[in-house]
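So you can see what is in the structure, the chains are spelled out below.
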Number of protein chains: 2
Amino acid sequence: MNSDASQPATLSYEQAGVNYDLIDPLKIAAQRAAAATAVHLGAHGFSEIQASRGESAYVVDVGPFYLASIVECLGSKSLVADEMQQLTGKSYYAGIAQDTIAMAINDLITVGATPLVVQAYWAAGGSDWFGDAQRAQALVAGWKQACDDCGVAWGGGETPALAGIVEAGRIDLAASCTGLVNPKERLSVGDKLAAGDAIVLLASSGIHANGLSLARKLVERLPQGYLTRLEDGSTYGEALLAPTLLYSPVTEALYQAGIIPHYCSNITGHGWRKLLRHPAQLTYRIHTLPPVPPVLRFIQQQARQDDREAYSTLNMGAGFALFVPAADAQRTVQVAQSLGVAATLAGSLEAGPKQLLVEPLGIRFSDEDLQLR
Amino acid sequence: MNSDASQPATLSYEQAGVNYDLIDPLKIAAQRAAAATAVHLGAHGFSEIQASRGESAYVVDVGPFYLASIVECLGSKSLVADEMQQLTGKSYYAGIAQDTIAMAINDLITVGATPLVVQAYWAAGGSDWFGDAQRAQALVAGWKQACDDCGVAWGGGETPALAGIVEAGRIDLAASCTGLVNPKERLSVGDKLAAGDAIVLLASSGIHANGLSLARKLVERLPQGYLTRLEDGSTYGEALLAPTLLYSPVTEALYQAGIIPHYCSNITGHGWRKLLRHPAQLTYRIHTLPPVPPVLRFIQQQARQDDREAYSTLNMGAGFALFVPAADAQRTVQVAQSLGVAATLAGSLEAGPKQLLVEPLGIRFSDEDLQLR
């Protein structure tokens, strides 16, 4: 669009290398095939929670409680850790471990599940990846710490060396997580979502583990690269590597406080469009914005994104959305903040067409902006 | 050892590129850290089955039944599918999908669990991987068929495009699986394993998904490569790509027939040494060998492996071992065969030092040959 080198063009997520048009037909075929397998649960006397199809975790009714499970991928954040290790000599893999677990746990809890067991999937480009003892120990220590923080058992996992599939010197990280919705009343797949509900946004620590393709692409535009200083004095690379916050301590504490969200949305890819995740026809009106982490403001500026593009790509300070009865809104904020997680009573739901109105910025997202399910 | 080009040297698994000495320190550190997280289950009123630590699946007591979970990787078998697609124009990804699911399900069932939900982890080297519609549809169709064959629900999954981590044109495939041991009496973590138990070996279809690094390395020695004809007329590539058998229909049918194995071992890496997986001090005496699939005999010959090396690396016709009460042995064979899975009453356990005696071949494996746990 703009070929003036002194004014680099806007950089969208698609330009950063992820082409959803190629992936989506496969996803749709896979979703259809997957849905057709639910019938098998009947042979065991169980059944799926159909509303969990298309949600962040899959839920099965096994009688006394619901069983929830998921597998999630870190994505490309480890490439930033690798670059920063070259530049600083430090290993950032303790934080990367937390990111990976957060990707799984923050999805699993959206349905109201208590995470119980995490399994590690660490697929390296070769056996030698594990030979860097400092990095390997950081990965182990960070993984354990994140399990401790979330009160989950680390069940085991896989550490394959996949030369020829995973690039030499790299690692493909993922986590699977299994949990229970117990008691069953905790199920939060959105059937109770209604006009009047409050929207509470839990703060993010930064970019978390989504939007990294864009963030890495931007480095090419920065003379100091990952060592570019942000306004708060941190380097771009360090700021990107702030670990994703783990939100299960908040959802567990909410239940202890007697608060059961009607719905939750983990804000990952597609930024604030994820607030529109649930299929219900409702208008989501935002009146108060959470503070934007400096690294996200920096990315927005460097990528020449307007607010609409930025909020549709990045979390912009909101890592997780809780949709709670209005009467519980203030207490939800307090419970989160008592655990050190900043929270914003950001808006509410009302009757109306399916849309998200971010009033302070004059932005509207409609259903067409989010074809995820 | 042997530099005469007309007599290529023996090719061991380590020479084929996997160096366990680099991976093992990490695995040990990870296992210790993981074990220390089990305490968290107590806060939810649950507890781990400690005997499942080091087993193929992790088991938690959640009250009315046991919860089992796992994540497993395909490994490098997809590289053979990619080469064969180049040579023949066909896609082999339906079989590859079955292989991936088999890696997870055949491990999960070892503890006595009924698999309920599978999650797909398909991490491609770029969005374009999914643009090959024939291949993508084969992956979806094969994944669904394997779920149907095992009676599990396909819950969902992840299809990330990981350029820079996964090699261009390649895909890193894994599956997570969650199941229940229900009723609890089905738990088979080996506490009842005893002298007198029979060893029933379920047939493999070929190499399954272990030993592929070696199998791929051998191609360099074959003038016709993957198109080399085996004695049964199939090509080496096609024979390697025979999908891993799914054994959960057998374990489910055994339970229906009133047979509860004392222990099970999924024979994957380390070949028959996996029969020694359980820590009990017992002697495993094999008197009858299952037939060796032609592709495994071919690999053994081409790699100039003696029987000891071959049986310590490859499954040599035994894909899954069931350790059952002697009185149930014949019926176990019959149940498997009624489902089309060949089975061999291969031997029995007796009091004595921990060792595996493969009498027809005069081979002995001791505990030192298997330091897996």
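Let me sum up the structure you'll find in this document. All residue numbers refer to position in the chain's written sequence, counted from 1. Whichever chain is written first is A, and whichever ligand is written first is 1; the rest continue in order. Local features in this predicted model are restricted to residues whose pLDDT is 70 or higher, and side-chain atom pairs enter the listing and the counts only when it is 80 or higher, whereas totals over whole chains, interfaces and linings include all residues. Side-chain descriptors were evaluated using all non-hydrogen atoms of the structure, hydrogens and water having been removed beforehand.

**Topic: the overall build of chain A**
Moving on, step 1. Within chain A, the secondary structure is distributed over 10 helices and 13 strands.
Moving on, step 2. Note on method: radius of gyration uses C-alpha positions; expected globular size equals 2.2 Å times residues raised to 0.38. Relative to the compact-globule value of 21 Å for 373 residues, chain A shows a C-alpha radius of gyration of 20 Å, a close match.
Moving on, step 3. Here the C-alpha coordinates of chain A stretch approximately 55 × 50 × 45 Å along the principal axes.
Moving on, step 4. Taking all 373 residues of chain A together, the buried fraction comes to 63%.
Moving on, step 5. With the model as given, the accessible surface of chain A reaches about 12,900 Å², and the carbon-plus-sulfur share is 49%. Put simply, DSSP marks the helices as runs of H or I at least four residues long and the strands as runs of E at least two long, and each gets a number from the N terminus on. Each residue is placed in one exposure class: buried if its accessible area under a 1.4 Å probe, protein chains only, is under 20% of its type's maximum, exposed if it is over 50%, and partly exposed if it falls in between. Each accessible area is a Shrake-Rupley result for a 1.4 Å probe, and residues are judged covered by the shown protein chains and nothing else.

**Quick word on the relation of the copies chain A and chain B**
Moving on, step 1. All copies are superposed by least squares; the fitting set is the C-alpha atoms of residues with a pLDDT of at least 70 in both. With an axial shift of 0.0 Å and an RMSD of 0.0 Å, the rotation relating chain A to chain B amounts to 180 degrees. With respect to symmetry, the two chain copies, as superposed, fit the operation of a two-fold axis. Nearest to the rotation axis, the C-alpha of Val 166 of chain A is located 2.2 Å from it, this being the minimum over chain A.

**Side note on the interface of chain A and chain B**
Moving on, step 1. Two residues qualify as a contact provided that any one of their heavy atoms is within 4.5 Å of a heavy atom in the partner residue. In this complex, chain A contributes 79 residues to the contact, which on the side of chain B involves 80 residues.
Moving on, step 2. Buried area counts how much accessible surface, traced with a 1.4 Å probe, disappears from two parts once they are put together, with both parts' losses summed. Across the chain A/chain B interface, buried area totals approximately 6,100 Å², and carbon plus sulfur atoms make up 69% of it.
Moving on, step 3. Among the residues of chain A in contact with chain B, Leu 26, Val 71 and Ile 165 of chain A are the three that bury the most area, contributing 11% of the side total.
Moving on, step 4. Here, a salt bridge means any side-chain nitrogen of Lys or Arg that lies within 4 Å of a carboxyl oxygen of Asp or Glu. Along the contact surface separating chain A from chain B lie zero salt bridges.
Moving on, step 5. Under this definition, polar contacts are N or O atom pairs within 3.5 Å; protein pairs additionally need one hydrogen-donor-capable and one acceptor-capable atom, and for neighbouring residues in sequence, both atoms have to be side-chain atoms. The tally of links from chain A across to chain B stands at 19 residue pairs in polar contact (both at pLDDT 80 or more).
Moving on, step 6. Counting residues per element, the ones that place at least two in the side of chain A that touches chain B are helix 1 (20-35), strand 2 (58-61), strand 3 (66-73), helix 2 (77-88), strand 4 (114-124), helix 4 (133-150), strand 5 (153-158) and strand 6 (171-181) of chain A.
Moving on, step 7. Counting residues per element, the side of chain A that touches chain B draws most heavily on strand 4 of chain A, at nine residues.
Moving on, step 8. For this classification, the nonpolar set comprises Ala, Val, Leu, Ile, Met, Phe, Trp, Tyr, Cys and Pro, the charged set comprises Asp, Glu, Lys and Arg, and every other residue, Gly included, is treated as polar. Residues of the side of chain A that touches chain B, tallied by class, amount to 46 nonpolar, 22 polar and 11 charged.

**Describing the sheet that holds strand 12 (residues 355-358) of chain B**
Residue and element names in this part refer to chain B.
Moving on, step 1. Two strands are said to pair when DSSP picks up at least two bridges between them. Taken in spatial order, the seven strands make up an open sheet running 8-10-7-11-9-12-13, and their pairing is mixed. Edge positions in the open sheet fall to strand 8 (263-266) and strand 13 (363-366), since each of these has one partner strand only. Recorded for the sheet is a direction-independent mean angle of 20 degrees between the axes of neighbouring strands.
Moving on, step 2. Lines are fitted to the C-alpha atoms to define the axes, a helix being fitted only along its stretch in contact, and any angle between axes, read from their N-to-C directions, falls within 0 to 180 degrees. Sitting on the sheet, helix 10 (residues 329-338) touches strand 7 (198-203), strand 10 (318-324) and strand 11 (343-350), and the angle it makes with strand 11 is about 150 degrees.

**Examining the pairing of strand 5 (residues 153-158) of chain B**
All names here are of chain B.
Moving on, step 1. Both strand 4 (residues 114-124) and strand 5 contribute to a ladder of five bridges, which runs parallel. Within the sheet, the bridge partner assigned to Ala 120 lies in strand 5 and is Gly 157.
Moving on, step 2. Convention used here: a crossover is right-handed provided that the path from the first strand, over the helix, to the second strand proceeds clockwise when the strands point away from the viewer. Handedness of the β-α-β unit built from strand 4, helix 4 (residues 133-150) and strand 5 comes out right-handed.

**A few points about the packing of aromatic side chains**
Moving on, step 1. Any two of the Phe, Tyr and Trp rings considered here, Trp counted by its six-membered ring, make a pair once their centres fall within 6.5 Å; the pair's planes then place it as stacked at under 30 degrees, edge-to-face at over 60, or tilted in between. Overall, the coordinates contain 24 aromatic pairs over all chains when judged by the stated rule.
Moving on, step 2. Aromatic side chains Trp 122 of chain B and Trp 143 of chain B sit 5.3 Å apart centroid to centroid with 75 degrees between the ring planes, which places their arrangement in the edge-to-face category. With Trp 122 of chain B in strand 4 and Trp 143 of chain B in helix 4, this pair connects stretches of sequence that are 21 residues apart.
Moving on, step 3. With a relative accessible area of 1%, Trp 122 of chain B lands in the buried category.
Moving on, step 4. With relative accessibility at 0%, the residue Trp 143 of chain B sits in the buried group.
Moving on, step 5. Taking 5.1 Å as the distance between ring centres and 55 degrees as the angle between the ring planes, the aromatic pair formed by Tyr 236 of chain B and Phe 298 of chain B counts as tilted. Here Phe 298 of chain B lies in helix 8 (residues 294-302) and Tyr 236 of chain B lies in helix 6 (residues 236-240), a separation of 62 residues in the sequence. Each member of the pair, Tyr 236 of chain B together with Phe 298 of chain B, is buried.
Moving on, step 6. Aromatic rings pair up to connect Tyr 93, Trp 129 and Phe 130 of chain A into one cluster.
Moving on, step 7. Any Lys NZ or Arg CZ that is within 6 Å of a ring centre and within 35 degrees of that ring's normal is treated as a charge sitting over the ring. Lying over the aromatic face of Trp 129 of chain B, Arg 135 of chain B brings its terminal NZ or CZ to 3.9 Å of the ring centre.

**Structural notes on the sheet that holds strand 6 (residues 171-181) of chain B**
Paired through their backbone hydrogen bonds, the strands of a sheet run either parallel or antiparallel.
Moving on, step 1. If you walk across this open sheet you meet the six strands as 1-2-3-6-4-5 (chain B), and the pairing is mixed. Looking at strand neighbours, the two that pair on one side only are strand 1 (47-48) and strand 5 of chain B, the edges of this open sheet.

**Regarding empty space enclosed by the protein**
Residue and element names in this part refer to chain B.
Moving on, step 1. Cavity means a closed set of points on a 1 Å grid over the protein atoms alone, one where a 1.4 Å probe fits but cannot get out, pocket means an open set with protein on both sides within 12 Å along at least 5 of 7 lines, and lining means a residue has an atom within 4 Å of a point. Grid points are joined across faces, edges and corners, and a volume is the space filled by probe spheres set on the points. Applying the stated criterion across every chain, the model contains seven cavities of 30 Å³ or more.
Moving on, step 2. Taken as a whole, the largest cavity encloses approximately 90 Å³ of empty space.
Moving on, step 3. Along its surface, the largest cavity is lined by Ile 109, Gly 112, Ala 113, Arg 186, Ser 188, Thr 251, Tyr 255, Ile 259, Ile 260, Pro 261 and Cys 264.
Moving on, step 4. Its residues assigned to classes, the lining of the largest cavity shows seven nonpolar, three polar and one charged.
Moving on, step 5. By volume, the second largest cavity amounts to about 80 Å³.

Any functional reading would require information beyond the geometric quantities listed.
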